[in-house]
Amino acid sequence: MNRQAQAVVLLLLGGAVIRASVTDLYLRYVKDGLRPFLIAAGLLLVAAAIMTLWYELRPAAPRVLVPTGGSDAPTGGSAAPADHDDHGHAHHEPRVGWLLILPVLGLLLVAPPALGSYAAGQAGTALSSQQQSDYPPLPEGDPVQVSVLDYASRALFDRGASIGDRRVLLTGFIASGAGGEPILARMVLSCCAADGRPIKLGLTGDVPAGLPNDSWVEVTGRYSDRLGRDPVNDAEIPYLEVESWRQVPVPRQQYD
């Protein structure tokens, strides 16, 4: 791979990052707040690629001839180019550099989906460490909209004291539990999809039925004191007593 090819690959990579950043595609891989940094990184890649192409494609400077016979050589003697460029041999970078084209193709052609039920089934629930905390009262509303993470934390570590008999509204995707039963899950990120961990909720009552994994649903229910076990890391999984549910489109923000 010569420098011109490197610049083209860099240009494609920067363009792919910018394209993902100005649309909602980037939300499949990183948190919402990282958008400005992605745009800046993409612009830097594009600028570096353009400068490299300009440097490589600019007209060559005229060569300076120097005498070959030393200081005593006559001015009319033979001369040789001052720069030999290693006897005319072009420099090529390792071919492994072509692997940079893979993330470009992934972003432009394949666009892998956000983490879903498969990732949730391979990782243990993120609420695996014991913690004690005072949770503030739920906001006004009936039902009150809360995140899967907020409900799971209150149900597991507060034993539902801050929920009481309030009705809650949660949105998540369907995944398979230990016995194949449907559970409600949502992935949480610290930074990007590489550190994504699932939050899992067992469901009882009017459990969503007949839906394939990764279907997004909105469920309304109340706190349940029932607890289950995650088969992956043996952590406790809280339950939700479902009163009603409906299938919804995939939300813009798929991560908690």
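One can find the structure itself at the top, above this paragraph.
Described below are features of the structure shown in this document. (Residues numbered from 1 in each chain as written. Predicted model: local features only at pLDDT ≥ 70, side-chain atom pairs only at ≥ 80, totals over all residues. Heavy atoms only, no water.)

**Re the overall build of the chain**
Alright, step 1. From N to C terminus, the chain includes 6 helices and 8 strands.
Alright, step 2. Mapped from its N terminus to its C terminus, the chain presents α and β elements in the order α-α-β-β-α-α-α-β-α-β-β-β-β-β.
Alright, step 3. The buried share among the 256 residues of the chain stands at 36%.
Alright, step 4. In the chain, the share of contacts with a sequence separation of at least 24, taken over all contacts with a separation of at least 6, comes to 68%.
Alright, step 5. Only carbon and sulfur atoms are counted for the fraction: they give 58% of the accessible area of the chain, which is about 14,800 Å². (Helix = DSSP H or I, 4+ residues; strand = E, 2+ residues; numbered from the N terminus. Buried < 20%, exposed > 50% of the residue type's maximum accessible area, 1.4 Å probe, protein only. Contact = heavy atoms within 4.5 Å. Areas by Shrake-Rupley, 256 points an atom, 1.4 Å probe, with all protein chains shown as cover.)

**So, the packing of helix α1 (residues 3–22) against helix α2 (residues 35–57)**
Alright, step 1. It is at 8 Å that the axes of α1 and α2 come closest, and there the two elements cross at 155°. Here α2 runs roughly antiparallel to α1, going by the angle between their axes. Along this stretch, α1 crosses α2, giving a crossing that reads as left-handed. (Axes fitted to C-alpha atoms, helices over the stretch in contact; angles between N-to-C directions. Parallel < 35°, antiparallel > 145°, perpendicular 65-115°, else oblique. Left-handed = near helix turned anticlockwise from the far one by under 90°.)

**Things to note about the environment of Gly-177**
Alright, step 1. By the secondary structure assignment, Gly-177 is in the loop between β4 (168–176) and β5 (182–188).
Alright, step 2. With a relative accessible area of 18%, Gly-177 lands in the buried category.
Alright, step 3. Gly-177 sits 26 residues away from Leu-203 along the chain, and the two C-alpha atoms are 9.7 Å apart.

**Thoughts on α2**
Alright, step 1. Helix length check: α2, at 23 residues, gives a terminal C-alpha distance of 33 Å against a target of 33 Å (1.5 Å per residue), a fit within 8%.
Alright, step 2. Where α2 is concerned, the buried positions are Gly-42, Val-46 and Ala-49.
Alright, step 3. Its buried side turned inward, α2 meets α1. (Expected span 1.5 Å × (residues − 1).)

**Quick word on unusual backbone geometry**
Alright, step 1. Each neighbour pair has its own omega, and for Asp-142 with Pro-143 the value is 0°, a cis peptide bond.
Alright, step 2. Even without being a glycine, Asp-214 presents a positive backbone phi close to 75°.
Alright, step 3. Following the sequence through the fold, Asp-214 ends up in the loop between β6 (197–205) and β7 (216–229).
Alright, step 4. In this structure Asp-214 comes out as partly exposed when scored by relative accessible area, which is 40%.

**A word on the layout of surface pockets**
Alright, step 1. Taken as a whole, the second largest pocket encloses approximately 210 Å³ of empty space.
Alright, step 2. In this structure, the second largest pocket is lined by 18 residues; those nearest its centre are Gly-177, Ala-178, Ile-183, Pro-231 and Ile-237.
Alright, step 3. Considering every element that reaches the lining of the second largest pocket, the biggest residue donor is helix α5 (residues 117–122), with 3 residues.
Alright, step 4. A class-by-class count of the residues in the lining of the second largest pocket yields 8 nonpolar, 6 polar and 4 charged. (1 Å grid on protein atoms, 1.4 Å probe; cavity = no way out; pocket = protein on both sides within 12 Å on 5 of 7 lines; lining within 4 Å. Points joined across faces, edges and corners; volume = space filled by probe spheres on them. Nonpolar A, V, L, I, M, F, W, Y, C, P; charged D, E, K, R; others polar.)

**Comments concerning the pattern of salt bridges**
When their charged atoms lie close together, side chains carrying opposite charge are able to pair.
Alright, step 1. Applying the stated criterion across every chain yields a total of 10 salt bridges.
Alright, step 2. Among the ionic pairs, Arg-246 bridges to Glu-218, the shortest N-O distance being 3.0 Å. One end of the pair, Arg-246, is in strand β8 (residues 236–247); the other, Glu-218, is in strand β7, and 28 residues separate them in sequence.
Alright, step 3. Residue classification places Arg-246 among the partly exposed residues on the basis of a relative accessible area of 47%.
Alright, step 4. Of the residues examined, Glu-218 reaches a relative accessible area of 19% and is grouped as buried.
Alright, step 5. In this structure, the salt-bridge partner of Arg-222 is Glu-243, at a minimum N-O distance of 2.7 Å. One end of the pair, Arg-222, is in strand β7; the other, Glu-243, is in strand β8, with 21 residues separating them in the sequence.
Alright, step 6. On the accessibility criterion, Glu-243 (35% relative accessible area) is partly exposed.
Alright, step 7. Within this structure, Asp-142, Arg-167, Arg-222 and Glu-243 form a network of salt bridges that share partners. (Salt bridge = Lys/Arg side-chain N within 4 Å of Asp/Glu carboxyl O.)

**Notes on α1**
Alright, step 1. A rise of 1.5 Å per residue sets the reference length of α1, with its 20 residues, at 28 Å; its end C-alpha atoms lie 28 Å apart and thus fit the reference within 8%.
Alright, step 2. Taken as a whole, α1 has its buried residues at Ala-5, Ala-7, Val-9, Leu-13, Gly-14, Ala-16, Val-17, Ala-20 and Ser-21.

**Quick notes on a nonpolar patch on the surface**
Alright, step 1. A contiguous nonpolar patch, built from Met-51, Trp-54 and Tyr-55 and spanning about 380 Å² of accessible area, is present on the exposed surface.
Alright, step 2. By the element assignment, Tyr-55 lies in helix α2.
Alright, step 3. A relative accessible area of 44% places Tyr-55 in the partly exposed class. (Patch = residues over 30% accessible without salt bridge, like charges linked within 9 Å, V, L, I, M, F, W, Y side chains within 5 Å.)

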